[in-house]
Amino acid sequence: MANEREKENAAMAAIDFVEEGMTVGLGTGSTAKYFVELLAEEIADGLMVKGVPTSEDTRRLAESLGVPLLPIDHVDRIHLTVDGADEVDGEAQLIKGGGAALLREKIIANASDLMVVIADPSKQVDMLGQFPLPVEVTPFGYTITAKKVFDALKAAGVAKPRIDVRTSSGNKPVITDGGNYILDCHCSVIPNAPKAARLLSDVPGVVEHGLFIGMARTVIIGQDDGASVFEY
Ligand code: 5RP
């Protein structure tokens, strides 16, 4: 069970990466929420930055706290993105999308000069795959797409993938901010994450997957009494 203090300390350490005048990608999830709250405090104290939210949840949160936001299509440079992760391995490869925001998170992280990941120690793994890998797919043909996603994971060396459509209460598929479905792919272990990422990207109907490979260059792991910063 993650400790809130660890998440908050990771978020606090990420504030050191924010500089006056920056455009900052604002991540999604319970750890990123701490960062948005701390950033709002800095803004209230006079820091001039603008945020680009990675989800409607984060947009609502940031707006409620008075963080000035830029619509994504008015942004020409994102200096920094700070976001959480569901898993992070020793090469800063990530699984993201537990909060169903992976598409916007990846677009914004990929467009950023620097992606900083903030997490508590429970997110650190030797090999990705224990957390079910989220894959965002178009509703049209999603059962066919799910079969192709299964084949892609098998071809990437996942022994026995099991795929569930993410549902909410009432057993209806969760609809992402982009109007798509999420397939949660239970893998146990993903032996070759870059290969899995490539093969998943090739499947028609896959809008985006939650493997973030070569994107994070800084990972901050919060502890009870501080945080450790790892550079890649
Ligand atoms: C949302 C994400 C989140 O960053 C990820 O799920 C981690 O969330 P939390 O900080 O609540 O554990 O990828 O799509």
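Residues numbered from 1 in each chain as written. Predicted model: local features only at pLDDT ≥ 70, side-chain atom pairs only at ≥ 80, totals over all residues. Heavy atoms only, no water.

**Remarks on the packing of helix α5 (residues 142-155) against helix α6 (residues 193-201)**
Packed helix pairs are specified by the crossing angle of their axes together with the interaxial distance, meaning the distance between the axes. At a minimum axis separation of 9 Å, α5 and α6 run at an interaxial angle of 150°. When the axes of α5 and α6 are compared, the pair comes out roughly antiparallel. Between α5 and α6 lies a crossing of right-handed hand. Here α5 contributes Val149, Ala152, Leu153 and Ala155 to the contact with α6, which in turn contributes Lys195, Leu199 and Leu200. Taken together, the residues of the contact of α5 with α6 sort by class into six nonpolar, no polar and one charged. (Axes fitted to C-alpha atoms, helices over the stretch in contact; angles between N-to-C directions. Helix = DSSP H or I, 4+ residues; strand = E, 2+ residues; numbered from the N terminus. Parallel < 35°, antiparallel > 145°, perpendicular 65-115°, else oblique. Left-handed = near helix turned anticlockwise from the far one by under 90°. Contact = heavy atoms within 4.5 Å. Nonpolar A, V, L, I, M, F, W, Y, C, P; charged D, E, K, R; others polar.)

**Digging into the site of the ligand**
Taken together, 16 residues form the shell around the ligand, and within it Ser30, Thr31, Asp86, Gly97 and Lys123 come nearest. One of the backbone nitrogen or oxygen atoms of Gly97 is found 2.8 Å away from an oxygen atom of the ligand. Separating an oxygen atom of the ligand from a backbone N or O atom of Gly99 is a distance of 3.2 Å. In isolation the ligand has 380 Å² of accessible area, and contact with the protein removes 90% of it. Here the residues of the shell around the ligand sort into three nonpolar, eight polar and five charged. (Near = heavy atom within 4 Å. Polar contact = N/O pair within 3.5 Å; in protein donor to acceptor, adjacent residues only side chain to side chain. Areas by Shrake-Rupley, 256 points an atom, 1.4 Å probe, with all protein chains shown as cover.)

**Some points on the sheet that holds strand β11 (residues 211-212)**
Overall, antiparallel pairing links the three strands, which are arranged β4-β5-β11 in an open sheet. A single partner strand is all that each edge strand has here, and the edge strands are β4 (87-88) and β11. Note that β4 and strand β5 (residues 94-95) share two bridges and pair antiparallel. Looking at β5, one finds that Glu87 is bridged to Ile95. (Pairing = 2+ DSSP bridges.)

**Points about the environment of Ala11**
Take Ala11: it is sitting in helix α1 (residues 4-15). Distance from Ala11 to Leu39, taken between C-alpha atoms, is 9.3 Å for residues 28 residues apart in sequence. Excluding residues within four positions of it along the chain, Ala11 makes contact with Thr31, Tyr34, Phe35, Leu38 and Ile118.

**Some points on the sheet that holds strand β9 (residues 181-186)**
Taken in spatial order, the four strands line up as β8-β9-β7-β10 in an open sheet, and their pairing is antiparallel. Sheet topology places β8 (162-165) and β10 (206-209) at the edges, where each strand pairs with a single neighbour. Across the sheet, the mean angle from the axis of one strand to that of its neighbour is 25°, orientation sign disregarded. Note that strand β7 (residues 133-137) and β9 share five bridges and pair antiparallel. If you follow Val135 over to β9, its bridge partner there is Leu183. Contacting β7, β8, β9 and β10, α5 runs over the sheet at an angle of about 30° to β9. Its contacts with the sheet place α6 against β7 and β10, and it is angled at close to 160° to β10.

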